[in-house]
Amino acid sequence: MNTTDRTPADLLRSALAADPARPLVTFYDDATGERVELSVATFANWVAKTANYLQGDLAAEPGDRLALLLPAHWQTAVWLLACSSVGVVADVGGDPGAADLVVSGPDTLEEARACTGERVALALRPLGGRFPQAPQGFADYAVEVPSQGDRFAPYAPVSPQDPALAVDGRELTGAEMVAVALADAAERGLSEGSRLLSGLPYDTWAGLSAGLFAPLAAGGSVVLCRNLDRLAADGLAQREESERVTHRAD
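Residues numbered from 1 in each chain as written. Predicted model: local features only at pLDDT ≥ 70, side-chain atom pairs only at ≥ 80, totals over all residues. Heavy atoms only, no water.

J.: What's the story with the packing of aromatic side chains in this structure? I'm lost.
T.: Two descriptors summarise a pair of aromatic rings, namely the distance from one centre to the other and the angle between the planes of the rings. Under the counting rule described, the total for this entry stands at four aromatic pairs. With 5.0 Å between their ring centres and 75° between their planes, Trp-46 and Trp-74 make a pair best called edge-to-face. With a gap of 28 residues between them, Trp-46 in helix H2 (residues 40-57) and Trp-74 in helix H3 (residues 74-86) connect regions that are remote in the sequence. Of the residues examined, Trp-74 reaches a relative accessible area of 2% and is grouped as buried. Look at Trp-46 and Tyr-141: their rings are 6.2 Å apart centre to centre, the planes differ by 25°, and that puts the pair in the stacked class. With a gap of 95 residues between them, Trp-46 in helix H2 and Tyr-141 in helix H5 (residues 141-144) connect regions that are remote in the sequence. Overall, Tyr-141 belongs to the buried group, its relative accessible area being 1%. Through successive ring pairs, a cluster of aromatic residues spans Trp-46, Trp-74, Trp-79 and Tyr-141. The lysine or arginine in question, Arg-119, covers the ring of Phe-138, its NZ or CZ lying 5.8 Å from the ring centre. (Phe/Tyr/Trp six-rings, centres within 6.5 Å; stacked < 30°, edge-to-face > 60°. Helix = DSSP H or I, 4+ residues; strand = E, 2+ residues; numbered from the N terminus. Buried < 20%, exposed > 50% of the residue type's maximum accessible area, 1.4 Å probe, protein only. Lys NZ or Arg CZ within 6 Å of the ring centre and 35° of its normal.)

So, in structure tokens, the structure goes:
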């Protein structure tokens with residue numbers, strides 16, 4: 001990171017400037033066998049497209065609240081950074097009825113219908129695939145986002161002092177997210193080039209930090225594993241070796 005980085009979006013911009021080709025998020029789903037690896041550049045491209053969709057098509061503004069009903073997944077990580085880019089508060093597992101808009105996975109669609117604002121659904125299929133048929137009342141993320149622009153500029157400056165994330169009863173500003181992520185990275189011994197394997201869910205700060213923000217702040221990368229409990233012990237050891245894992249959180 002740079003000393004001028006004040007928000008998670010700033011951290012991503014610094015990572016992109018430093019080494020766009022290096023891996024940032026390697027995602028496994030051990031229930032489906034899926035593996036996806038995103039370089040900094042590829043991840044940043046997804047974030048830009050999603051932020052453009054959020055700001056443009058969904059008309060989200062700084063301070064709006066987005067109920068994020070998604071599991072630990074590479075696309076969830078994209079949404080977290082897109083919210084930071086626009087200045088939208090990402091309310092992880094938040095009440096859709098109290099949110100300005102909602103982003104839902106396939107298992108929380110009924111809950112998400114409580115939102116009276118814009119609703120977006122993600123199929124969470126391998127390679128970011130779309131729903132066979134979009135759920136009624138929802139836009140299909142995989143249909144809407146690919147055509148969005150590859151570069152993003154916010155309509156209004158995003159203040160690092162404004163609320164940026166709500167999770168597990170905790171609310172953090174963008175500046176606090178960066179500060180805590182850096183502290184977490186130091187506590188875990190992460191540094192440039194570290195590879196942290198995380199099997200933690202995204203429903204607490206600890207899971208979000210290990211699964212995205214701490215590696216990003218340290219100049220490292222994350223091997224994000226969903227349904228890790230379905231992987232045999234010897235399989236985990238093989239994954240750590242093949243992915244050159246240096247640290248682990250599960």
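Past the structure itself, the notes keep going.
J.: Could you clarify how one ought to interpret the packing of H2 against H3 in this entry?
T.: A pair of packed helices is captured by two measures, namely the crossing angle of their axes and the spacing between those axes. Packing of H2 against H3 brings their axes to within 8 Å, and their N-to-C directions diverge by 55°. Considered as vectors, H2 and H3 are oriented oblique to each other. When you trace H2 past H3, the crossing you get is right-handed. Contact residues: H2 offers Phe-43, Trp-46, Val-47, Thr-50, Ala-51, Tyr-53, Leu-54 and Gln-55, while H3 offers Trp-74, Ala-77, Val-78, Trp-79, Leu-81, Ala-82, Cys-83, Ser-85 and Val-86. (Axes fitted to C-alpha atoms, helices over the stretch in contact; angles between N-to-C directions. Parallel < 35°, antiparallel > 145°, perpendicular 65-115°, else oblique. Left-handed = near helix turned anticlockwise from the far one by under 90°. Contact = heavy atoms within 4.5 Å.)

J.: Explanation requested: the pairing of strand E1 (residues 23-29) in the structure shown.
T.: Each regular strand shows side chains that alternate between the opposite faces of the sheet. Across the seven residues of E1, six count as buried, placing the element largely inside the fold. The pairing of E1 with strand E2 (residues 34-39) spans six bridges and is antiparallel. Residue Val-25 lies in a different strand from E2, and its bridge partner there is Leu-38. Count of turn residues in the E1/E2 antiparallel hairpin: four residues, of which Gly-33 carries a positive phi of about 85°. (Pairing = 2+ DSSP bridges.)

J.: Mind showing me how you'd approach the sheet that holds strand E9 (residues 170-173) here?
T.: Strand pairing within a sheet occurs via backbone hydrogen bonds; the two strands may be parallel or antiparallel. Strand order across the open sheet formed by seven strands is E7-E6-E5-E3-E4-E8-E9, with mixed pairing between neighbours. The open sheet is flanked by strand E7 (139-140) and E9, the only strands paired with a single partner. Where strand E6 (residues 118-121) lies against E7, two bridges are found, and the strand directions are parallel. Each bridged residue has a counterpart across the sheet, and for Val-120 the counterpart in E7 is Ala-139. On top of the sheet, H3 reaches strand E3 (65-69), strand E4 (89-92), strand E5 (101-104), E6 and strand E8 (163-167); it is set at about 170° to E3, its chief contact. Packed on one face of the sheet, helix H6 (residues 174-188) meets E8 and E9 and runs near 100° to E9.

J.: So what exactly am I meant to see when it comes to the pattern of salt bridges here?
T.: Any two side chains of opposite charge can pair, on the condition that their charged atoms come close. Summed over all chains, the structure comprises eleven salt bridges. Put simply, Glu-243 and Arg-35 hold a salt bridge, and the shortest N to O gap is 2.9 Å. Of this pair, Glu-243 sits in the loop between helix H8 (233-242) and strand E12 (247-249) while Arg-35 sits in strand E2, placing them 208 residues apart in sequence. By relative accessible area, which is 6% here, Glu-243 ends up buried. The class of Arg-35 is partly exposed, set by a relative accessible area of 41%. Through salt bridges that share partners, Arg-35, Glu-37, Arg-195 and Glu-243 make up one connected network. (Salt bridge = Lys/Arg side-chain N within 4 Å of Asp/Glu carboxyl O.)

J.: Where do I start with the sheet that holds E12 in this structure?
T.: What the five strands build is an open sheet, ordered E2-E1-E11-E10-E12; its pairing is mixed. The open sheet has two edge strands, E2 and E12, and neither has a second partner. Ignoring which end each strand starts from, the neighbouring axes of this sheet average 15° apart.

J.: When you look at the side chain of Glu-243 in this model, what are you seeing that I'm missing?
T.: A polar contact of 2.4 Å, which involves the side chain of Glu-243, links it to the side chain of Tyr-28. Polar side-chain contacts of Glu-243 include one of 2.7 Å to the side chain of Arg-195. If we skip the residues at most four places from it in the chain, Glu-243 touches Thr-26, Tyr-28, Arg-35, Glu-37, Arg-195 and Val-223. (Polar contact = N/O pair within 3.5 Å; in protein donor to acceptor, adjacent residues only side chain to side chain.)

The values reported here are purely geometric and, on their own, carry no functional implication.
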